[in-house]
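# A look at the structure
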Protein chains: 2
Amino acid sequence: MTFEEAKDTFIHTWGTLATQWGISRSMAQLHALLLISPNSLSTEEIMEQLQISRGNASMTLRDLMDWGLISKQLKPGERKEFFWAEKDIWKVARQVAKERRRREITPVVEVLNELKNIPTDTPEAQEFQRVMTGLSNVVGFADSTLNAVIKAEENWLMSQFIKVFR
Amino acid sequence: MTFEEAKDTFIHTWGTLATQWGISRSMAQLHALLLISPNSLSTEEIMEQLQISRGNASMTLRDLMDWGLISKQLKPGERKEFFWAEKDIWKVARQVAKERRRREITPVVEVLNELKNIPTDTPEAQEFQRVMTGLSNVVGFADSTLNAVIKAEENWLMSQFIKVFR
DNA sequence: TTAAACTTTCAAAATATTTTGAAAGTTTAA
DNA sequence: TTAAACTTTCAAAATATTTTGAAAGTTTAA
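Cut-offs applied
- Residues numbered from 1 in each chain as written.
- Chains lettered and ligands numbered in written order.
- Predicted model: local features only at pLDDT ≥ 70, side-chain atom pairs only at ≥ 80, totals over all residues.
- Heavy atoms only, no water.
- Near = heavy atom within 4 Å.
- Polar contact = N/O pair within 3.5 Å; in protein donor to acceptor, adjacent residues only side chain to side chain.
- Helix = DSSP H or I, 4+ residues; strand = E, 2+ residues; numbered from the N terminus.
- Nonpolar A, V, L, I, M, F, W, Y, C, P; charged D, E, K, R; others polar.
- Least-squares fit on C-alpha atoms with pLDDT ≥ 70 in both.
- Contact = heavy atoms within 4.5 Å.
- Buried area = accessible area lost by both parts, 1.4 Å probe.
- Salt bridge = Lys/Arg side-chain N within 4 Å of Asp/Glu carboxyl O.
- Domains from an automatic or database assignment.
- Buried < 20%, exposed > 50% of the residue type's maximum accessible area, 1.4 Å probe, protein only.

Of all residues adjacent to DNA strand D, which total 19 residues, the nearest are Ser58 and Arg62 of chain A together with Ser26, Ser53 and Asn56 of chain B. A distance of 3.0 Å separates a phosphate oxygen of DNA strand D from a polar atom in the side chain of serine 58 of chain A. Interatomic distance of 2.7 Å between a backbone N/O atom of serine 53 of chain B and a phosphate oxygen of DNA strand D. Secondary-structure elements contributing two or more residues to the surface near DNA strand D are helix H4 (54-66) of chain A together with helix H4 (54-66) of chain B. Ranked by residues supplied to the surface near DNA strand D, first place goes to H4 of chain A with five residues. Of the residues that constitute the surface near DNA strand D, the class distribution is three nonpolar, nine polar and seven charged.

In structure tokens, the structure reads:
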């Protein structure tokens with residue numbers, strides 16, 4: 001496999017994995033492109049390489065910055081903005097875990113805790129409460145796992161997992 | 001909050017969480033409905049409660065069965081099929097982890113391992129290999145975590161996590 | 001067998017999401 | 001200031017996904 005083939009395979013595979021986990025394809029592909037680029041890229045270069053429009057590039061770059069996965073870089077003597085992705089994949093994973101937890105898990109935990117408190121005056125309501133309690137536990141577990149990933153140092157995390165999940 | 005309100009809130013919240021994680025809204029909502037229903041439901045009842053068409057109900061029920069989250073039940077003397085969801089949420093989580101790992105993570109692990117092996121004859125290719133190695137580690141970590149969830153007994157899993165991630 | 005009572009399939013319609021590109025906005029050098 | 005070099009915004013277009021419902025298929029009681 002040549003380098004160019006490998007690059008295309010990677011950008012494509014990464015985009016597919018992302019859509020399966022509810023992240024937009026453009027965002028994943030643009031992130032993939034920056035991840036494997038040794039130097040920062042201008043909007044022009046990104047548009048060219050991924051064959052996307054200026055508007056799309058601009059919006060996707062902003063989303064990636066909101067997620068804290070890429071940064072702007074200004075080069076002396078250049079008017080253009082260049083973009084650069086964090087390359088330490090453990091940092092990337094921690095950042096993604098942090099954002100997803102904040103945006104998606106925490107709100108659900110709160111709703112479930114409210115729903116646990118309805119009066120259990122009918123058999124239906126009792127069953128409902130049982131299910132809410134179960135979900136609350138499992139979602140809480142997911143929440144703690146993400147939180148552990150967020151707080152963890154790479155080596156500590158790996159060693160713990162090797163210990164527990166060998 | 002009345003029981004009916006709680007029920008609607010739950011079906012809605014669950015649908016939203018699901019779409020954010022790449023699971024279709026109908027699938028999550030139909031699953032939610034069956035989860036909180038004390039007895040199994042016929043296709044008619046499901047169509048009625050969620051206001052969806054017969055075709056949609058039929059397809060979504062099949063998807064849920066493919067995911068191993070619900071089963072058919074035949075009632076003596078009835079021609080209709082009734083559907084019922086596994087209520088043990090830890091079992092549900094294990095099943096979801098198993099399916100997502102099989103469908104989504106394992107294929108990516110394989111692709112990444114291939115991509116790690118391209119010749120590193122240029123600086124670009126070297127950078128590429130570094131990133132692939134990093135991703136391979138992190139995705140491998142996710143893979144192991146899911147696998148641990150799959151293999152785990154509820155109590156053992158909880159106790160391990162309390163120990164490690166307190 | 002037949003036909004009633006169901007379920008499934010799938011092309012077309014509806015809906016949701018993503019993408020485009022031109023216009024508006026912003027920044028900076030001179 | 002001005003105007004060139006950029007970036008952002010957003011309505012419209014393109015595309016992708018989901019949903020519908022009628023037709024086809026299947027099962028079962030008689």
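Moving on from the model shown.
What follows concerns the relation of the copies chain A and chain B. With an RMSD of 0.0 Å, the operation that places chain A on chain B is a rotation of 180° combined with a shift of 0.0 Å along the axis. Here the two chains are linked by the operation of a two-fold rotation axis. When the interface residues of chain A are mapped onto chain B, 100% of them again lie at the interface, so the same face is used by both copies.

Before going further, it helps to examine the interface of chain A and chain B. If you look at the interface, chain A gives 53 residues, while chain B gives 53 residues. Approximately 4,900 Å² of surface area, both sides summed, lies buried where chain A meets chain B, with 84% of it carried by carbon and sulfur atoms. Joining chain A to chain B, the criterion identifies two salt bridges. Note that glutamate 127 of chain B is salt-bridged to lysine 87 of chain A, the shortest N-O span being 2.5 Å. At the junction of chain A with chain B, the criterion picks out six residue pairs in polar contact (both at pLDDT 80 or more). At the level of elements, helix H1 (3-20), helix H2 (25-36), helix H5 (89-115), helix H6 (123-151) and helix H7 (154-165) of chain A are the ones that each hand at least two residues to the side of chain A that touches chain B.

Quick look at the domain arrangement of chain A now. Residue and element names in this part refer to chain A. The domains assigned to chain A are domain 1 (3-85) and domain 2 (89-165). Taking the mean C-alpha position of each, domain 1 and domain 2 sit 30 Å from one another. In this assembly, eight residues from domain 1 lie in contact with seven residues from domain 2. Summed over both sides, the interface of domain 1 with domain 2 buries roughly 660 Å², with 66% coming from carbon and sulfur.

Right, let's talk about the protein's contact with DNA strand C for a bit. With respect to spatial proximity, 19 residues lie near DNA strand C, and among them Ser26, Ser53 and Asn56 of chain A together with Ser58 and Arg62 of chain B are the closest. In DNA strand C, atoms within 4 Å of the protein come from the sugar-phosphate backbone in 60% of cases. Between serine 26 of chain A and DNA strand C, the recorded distance is 2.4 Å, taken from a side-chain N or O atom to a phosphate oxygen. When residues of the surface near DNA strand C are traced back to their parent elements, those giving at least two are H4 of chain A together with H4 of chain B. A per-element tally of the surface near DNA strand C places H4 of chain B first, with five residues.

So, on to unusual backbone geometry. Residues and elements named next belong to chain A. Backbone geometry at glutamine 51 places phi at a positive 55°, although glycine is not the residue there. Structurally, the position occupied by glutamine 51 is in the loop between helix H3 (43-50) and H4. On the basis of relative accessible area, glutamine 51 is assigned to the exposed category, the value being 66%.

Okay, the side chain of serine 40 of chain B next. Residue and element names in this part refer to chain B. Mapped onto the secondary structure, serine 40 falls in the loop between helix H2 (25-36) and strand S1 (41-42). Looking at serine 40, the relative accessible area reads 11%, which means it is buried. Among the polar contacts listed, one links the side chain of serine 40 to the side chain of glutamine 73, at a separation of 2.6 Å. Setting aside residues up to four positions removed in sequence, serine 40 forms contacts with Glu45, Gln73, Lys75, Phe82, Phe83 and Trp84.

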